[in-house]
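Chain residues, written in single-letter form:
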Amino acid sequence: MHFLSADLEEYAEAHTTGESDVLQRLNRNTHAYVMRPRMLSGQLQGRFLSMISRMMRPRRILEIGTYTGYSALCLAEGLTDDGLLITVDNNEELESFARSYWNQTPYTSKIDFRLGNAPDIIPTLNDVFDIVFIDADKKNYSLYYDLVFDKVRSGGIILADNVLWSGKVVPAGRPASRAIDKDTQAVLDFNQKVQQDSRAENVLLPVRDGLMMIYKQ
Ligand SMILES: C[S@@+](CC[C@H](N)C(=O)[O-])C[C@H]1O[C@@H](n2cnc3c(N)ncnc32)[C@H](O)[C@@H]1O
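Report on the accompanying structure. (Residues numbered from 1 in each chain as written. Predicted model: local features only at pLDDT ≥ 70, side-chain atom pairs only at ≥ 80, totals over all residues. Heavy atoms only, no water.)

**Considerations on the site of the ligand**
Link 1 in the chain: Surrounding the ligand, one finds 21 residues, the nearest of these being Ser41, Gly65, Ser71, Asp89 and Asp135.
Link 2 in the chain: Within the side chain of Ser41, an N or O atom sits 2.6 Å from an oxygen atom of the ligand.
Link 3 in the chain: The contact in question runs from an oxygen atom of the ligand to an N or O atom on the backbone of Tyr67, over 3.4 Å.
Link 4 in the chain: Notes on the ligand: free accessible area 600 Å², of which the protein chains cover 91%. (Near = heavy atom within 4 Å. Polar contact = N/O pair within 3.5 Å; in protein donor to acceptor, adjacent residues only side chain to side chain. Areas by Shrake-Rupley, 256 points an atom, 1.4 Å probe, with all protein chains shown as cover.)

Okay, structure coming up:
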């Protein structure tokens, strides 16, 4: 689903900094060789993630949902010299694909890939994070928020992708005849949870499929 018309989307991309050669190849080859390439953040959202990271100069980033490693590379661009991005995914088939692109960049030694189920891995992490990017299974979004909240420093940011869920968060975006499906309900519950959390300030940005930006006070 496109929230902007195709020509406005093209215009926005044309007036956003372009991808590096590595990101361009990773983007193209994900679309050519990997299932469900729509999951990749892409140029516009990728440049947004990079800019947030460069502005914050994080020492620790946690990413939940690596896929082919595109958003990890974008977020890693802002890390401090001693910074580290931990990225978690349960799909072992994509690890070597992602690594082959990370290895072509100066960020490769700053990316720590953890293979496994994110709800099991997050509680084992003892770091204090400046940025957390939630971009995995929707049914666990609220759980991820609860698991990471105390691990984020005051003044840190949690970003969550796909919070407009192809428009299905509003009745007009859903087939009238069908009940709300589980993933849509999970995204609705997550958005409501964040909105009602007095410990945080949030902005739902209609970027791509919707990006929730949460500032921990
Ligand atoms: C939307 S993709 C991530 C896209 C990536 N962040 C990007 O922008 O390029 C979601 C990823 O989450 C992973 N995932 C789904 N459920 C998971 C779980 N329970 N634990 C760990 N990873 C999971 C999937 O294997 C998939 O690669």
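From this point, the narrative continues.
**Some remarks on the layout of surface pockets**
Link 1 in the chain: Here the second largest pocket is characterised by a volume of approximately 180 Å³.
Link 2 in the chain: Together, Thr16, Thr17, Leu44, Arg47, Phe48, Ser50, Met51, Arg54 and Glu77 line the second largest pocket.
Link 3 in the chain: For the lining of the second largest pocket, the residue count by class is three nonpolar, three polar and three charged. (1 Å grid on protein atoms, 1.4 Å probe; cavity = no way out; pocket = protein on both sides within 12 Å on 5 of 7 lines; lining within 4 Å. Points joined across faces, edges and corners; volume = space filled by probe spheres on them. Nonpolar A, V, L, I, M, F, W, Y, C, P; charged D, E, K, R; others polar.)

**A word on the side chain of Asp161**
Link 1 in the chain: Tracing the sequence through the fold places Asp161 in strand S5 (residues 152-161).
Link 2 in the chain: Polar contacts involving the side chain of Asp161 include one to the side chain of Arg208, which spans 2.8 Å.
Link 3 in the chain: Sequence-distant contacts of Asp161, that is, excluding residues within four places in its chain, are made with Ser41, Gln45, Phe133, Ile134, Asp135, Lys138, Tyr141, Arg208, Gly210 and Leu211. (Helix = DSSP H or I, 4+ residues; strand = E, 2+ residues; numbered from the N terminus. Contact = heavy atoms within 4.5 Å.)

**Here's the deal with the environment of Ala176**
Link 1 in the chain: Mapped onto the elements of the fold, Ala176 is located in the loop between S5 and helix H8 (182-195).
Link 2 in the chain: Along the sequence, Ala176 and Ser50 sit 126 residues apart, while their C-alpha atoms lie 38 Å from each other.

**Brief notes about a nonpolar patch on the surface**
Link 1 in the chain: On the surface, a nonpolar cluster with roughly 310 Å² of combined accessible area is contributed by Leu4, Leu8 and Tyr11.
Link 2 in the chain: Mapped onto the elements, Leu4 comes out in the segment before helix H1 (6-14).
Link 3 in the chain: Judged by its relative accessible area of 42%, Leu4 is partly exposed. (Patch = residues over 30% accessible without salt bridge, like charges linked within 9 Å, V, L, I, M, F, W, Y side chains within 5 Å. Salt bridge = Lys/Arg side-chain N within 4 Å of Asp/Glu carboxyl O. Buried < 20%, exposed > 50% of the residue type's maximum accessible area, 1.4 Å probe, protein only.)

**Focus: the packing of aromatic side chains**
Link 1 in the chain: Enumeration over the complete set of coordinates arrives at five aromatic pairs.
Link 2 in the chain: A ring pair is formed by Phe97 and Tyr101, whose centres lie 5.2 Å apart and whose planes are at 50°; its orientation type is tilted. Highlighted residues: Phe97 and Tyr101, both in helix H5 (residues 95-102), separated by four residues, approximately one helical turn. Here Phe97 and Tyr101 have matching classes, each one buried.
Link 3 in the chain: With a centroid separation of 5.3 Å and an interplanar angle of 80°, the aromatic rings of Tyr141 and Phe190 are classed as edge-to-face. Remark: Phe190 occurs in helix H8 and Tyr141 occurs in helix H7 (residues 141-149); sequence separation between them is 49 residues. As far as the burial class goes, Tyr141 and Phe190 line up, both buried.
Link 4 in the chain: These aromatic residues form a ring-pair network of at least three members: Tyr141, Tyr145, Phe149 and Phe190. (Phe/Tyr/Trp six-rings, centres within 6.5 Å; stacked < 30°, edge-to-face > 60°.)

**Digging into the sheet that holds strand S6 (residues 200-205)**
Link 1 in the chain: The sheet built from seven strands is open, its strands ordered S3-S2-S1-S4-S5-S7-S6 with mixed pairing. Looking at the sheet topology across the chains shown, the edges are occupied by strand S3 (111-115) and S6. Averaged over all pairs of adjacent strands, the angle between their axes in this sheet comes to 15°, without regard to strand direction.
Link 2 in the chain: Both strand S4 (residues 129-134) and S5 contribute to a ladder of five bridges, which runs parallel. Looking across to S5, one finds that Ile131 is bridged to Ile157. (Pairing = 2+ DSSP bridges. Axes fitted to C-alpha atoms, helices over the stretch in contact; angles between N-to-C directions.)

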